[in-house]
Amino acid sequence: MTTQTRSGMGRTGIRRASAAVLGGWMTACAPAMAPATVPVSAPVMVAEAFTTPRDTADNIDSPAVWHGPEGRHWLLSTAKTGDVIVISDAATGRTLRRASGPGTALGQMERPNGIAVVDDLAFVVERDNHRVQVFRLPGMQPVGMYGADDLALPYGIAVVRDGAGAYTTWVTDNYEQADESIPPDAELGRRVRQYRVSVAEDGLRAEPVRAFGATGGAGTLRVVESIAADPAYGRLIVAEENPGESALKVYSLDGRFTGPVIPPAFFPSQAEGIALYACGAREGYWIATDQSHEANAFHVFDRRTLAHRGSFRGPTVRNTDGVTLTQVGFGPFPAGAFYAVHDDGNVAAFSWSAIADALGLRKDCTLPAR
C-alpha cells in the first residue's frame, strides 16, 4: 500500500507512529511476543538490473511472473488507477501490452490490487469490484470470478495448487467502519477469507471455506494486504501494516494464529510485499518489504526458523508495494529474479545471483524454464 492512502482505501493524511519495538522474537510455536530487543543490520546495496517504463498515472501495486512455452517470460503488474494488467518482458522490462480495462463485467476490472500466477492462471484481486477474477494465460481470457458476496475491501492473495485445476486461495479483506476507521478488535475475525477454487474448460467454481483473524492479542490483524503461503510448514505469513505495530504474523493454513511475530523492529515504516525462495521441500528464504520513501528495504528470513539472514536495498527502488520472485533461470537471470514495485509507477528487477552473492545466500535452487 502507499504510505499516504493505504493503496487508496479512501483515508488520507495518515501519519506513521514512531517505530517503537513492540515485541521480539518468539519460538516457532509461541503465540505471544517476548519482550526482547531485535538487532537489525543495515541493508547492503544491490543494483537493479533494470526498471520497467515509468507511468505514475497507472498506480502500479503488485507484480507476478509467468513463464510460458516458446521462451515467453512475462511480468504482470496490477495498475490500480489504470484498471489494467501491464504485461512486460520479464527479461528486459519492455512493455508488451495492457490487458483488461475499467468496468464490472467479466474481463473488466475496478482497482486491481493483489495478483498471483499459478500454472497458466492469473488470480487478480479487485478492491472496488470486491472480488477475485481469474484469467487464463497467455491470452488473458477471463475464466470466472468469486468472492463478491463475501469481500468488502480485498487487497492481497495467496494461492496454492492442490491438484489438477484445484487451488486453495486466501484473500485479505480490509473492511472498515462507516467513517473508514479500523473496526474494534472484536470485529476483526474476518480479516482473511479462504476459498477452494476449481478451474475447468467450462469455467470456474469457488467454495468459501472460512473467514478468520485473531480478535485480540499478538495475532490481531488491523490493517492487512500482503499474504503468502508455505504448505511445507503449514504457514500463512500475513503483513500487519498498522502504523507503529507493523510486523509479519504467522497463521496456520486453517486460520489459527500460531506465532511467531516478526516484530516491528524490522518494519519501522510498513510491512509489505512478501516472496518465498524455496530450496527443496523445506529450506530457503522469505523476503519481506519495509516500504518507505526514505529507507525502503528488503529483509531476508530463513524459511525454516524465520531467523533474520540480512537485508538489501536498491539504489533506485523505493516506496515498494508488492514484490514477486521467480526461481526459473532465463535470459539475464540464470538463477532467477526478484521484482519490486517502485514508487507507484513501475517495477524494478534484481538478479537473484546478485542478491545471493551480497548476502551469502544460496542460489543453487534454480528451476528450469519450460
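What counts as what
Residues numbered from 1 in each chain as written. Predicted model: local features only at pLDDT ≥ 70, side-chain atom pairs only at ≥ 80, totals over all residues. Heavy atoms only, no water. Helix = DSSP H or I, 4+ residues; strand = E, 2+ residues; numbered from the N terminus. Buried < 20%, exposed > 50% of the residue type's maximum accessible area, 1.4 Å probe, protein only. Contact = heavy atoms within 4.5 Å. Areas by Shrake-Rupley, 256 points an atom, 1.4 Å probe, with all protein chains shown as cover. Pairing = 2+ DSSP bridges. Axes fitted to C-alpha atoms, helices over the stretch in contact; angles between N-to-C directions. Arc of directions from axis to C-beta. Polar contact = N/O pair within 3.5 Å; in protein donor to acceptor, adjacent residues only side chain to side chain. Core = buried A, V, L, I, M, F, W, Y, C linked by side-chain atoms within 4.5 Å. Salt bridge = Lys/Arg side-chain N within 4 Å of Asp/Glu carboxyl O.

(A) Geometry of the overall build of the protein. Across its full length, the protein holds 1 helix and 25 strands. Out of the 370 residues belonging to the protein, those deemed buried represent 59%. When contacts within the protein are restricted to residue pairs at least 6 apart in sequence, those whose partners lie at least 24 apart make up 52%. A total accessible area of about 13,400 Å² is found for the protein, and carbon and sulfur atoms account for 50% of it.

(B) Molecular detail of the sheet that holds strand S12 (residues 166-173). Overall, antiparallel pairing links the 4 strands, which are arranged S11-S12-S13-S14 in an open sheet. Bordering the open sheet on either side are strand S11 (154-163) and strand S14 (203-212), each of which pairs with just one other strand. Averaged over neighbouring strand pairs, the angle between their axes works out to 20° when direction is ignored. The sheet contact formed by strand S13 (residues 192-200) and S14 spans 9 bridges and is antiparallel. Along S14, the bridge assignment pairs Val192 with Phe212.

(C) Spatial organisation of the sheet that holds strand S16 (residues 235-240). In space, the 4 strands of this open sheet follow the order S15-S16-S17-S18, with antiparallel pairing throughout. With partners counted over all chains shown, the strands left at the sheet margins are strand S15 (224-230) and strand S18 (257-262), one partner each. Adjacent strand axes in the sheet meet at a mean angle of 25°, parallel and antiparallel pairs treated alike.

(D) Just helix H1 (residues 352-359), in detail. Looking only at H1, the buried set comprises Trp352, Ser353, Ile355, Ala356 and Leu359. Down the axis of H1, the buried set is contained in an arc of 165°. They therefore lie on one face. The N-terminus of H1 is capped by Ser351, whose side-chain oxygen sits 3.2 Å from the backbone nitrogen of Ser353. Where H1 ends, the next residue or the one after it, Gly360, has phi of about 70°, a positive value.

(E) Region of interest: the nonpolar core. Residues Ile287, Phe298, Phe312, Phe338, Phe350, Trp352 and Ile355 are the most contacted members of the largest nonpolar core, which totals 23 residues. If you list the elements that add at least two residues to this core, you get strand S19 (271-279), strand S20 (283-290), strand S21 (297-302), strand S23 (323-326), strand S24 (337-342), strand S25 (346-351) and H1. Top element by residues in this core is H1. It accounts for 4 residues. Excluding its chain neighbours within four sequence positions, the residues that come into contact with Trp352 are Tyr277, Tyr285, Ile287, Leu325, Ala335, Gly336, Ala337, Leu361, Arg362 and Lys363. Tyr146, Val159, Tyr167 and Tyr195 belong to the second-largest nonpolar core, a separate cluster that totals 18 residues.

(F) Looking closely at the pairing of strand S17 (residues 247-252). Of all 6 residues in S17, 6 are buried; the element is thus mostly enclosed. Side chains of S17 alternate between two faces, with Ala247, Lys249 and Tyr251 and Leu248, Val250 and Ser252 buried alike. Here 6 bridges tie S16 to S17, and the two strands are oriented antiparallel to one another. Residue pairing for S17: Ala239 is matched across the bridge by Leu248. Connecting the antiparallel pair S16 and S17 is a turn made up of 6 residues, with Gly244 showing a positive phi of about 90°. By the bridge criterion, 3 bridges tie S17 to S18 in an arrangement that is antiparallel. Opposite Leu248, over in S18, you have Ile262 as the bridge partner.

(G) Quick look at the pattern of salt bridges. For the structure shown, the criterion picks out 18 salt bridges. Here Arg161 ties to Asp119 by a salt bridge, and the two come within 2.9 Å at their closest N and O atoms. Of this pair, Arg161 sits in strand S11 while Asp119 sits in the loop between strand S7 (112-118) and strand S8 (121-126); the two residues are 42 residues apart in sequence, bridging distant segments of the chain. Among the residues examined, Arg161 registers a relative accessible area of 46% and is labelled partly exposed. Overall, Asp119 belongs to the partly exposed group, its relative accessible area being 40%. In this structure, the salt-bridge partner of Asp357 is Lys363, at a minimum N-O distance of 2.7 Å.

(H) Representation of the environment of Thr51 in the model. Mapped onto the elements, Thr51 comes out in strand S2 (residues 50-51). Overall, Thr51 belongs to the partly exposed group, its relative accessible area being 35%. Between the C-alpha atom of Thr51 and that of His342, which follows or precedes it by 291 residues, the distance is 8.3 Å.

None of this, on its own, says anything about what the molecule does.
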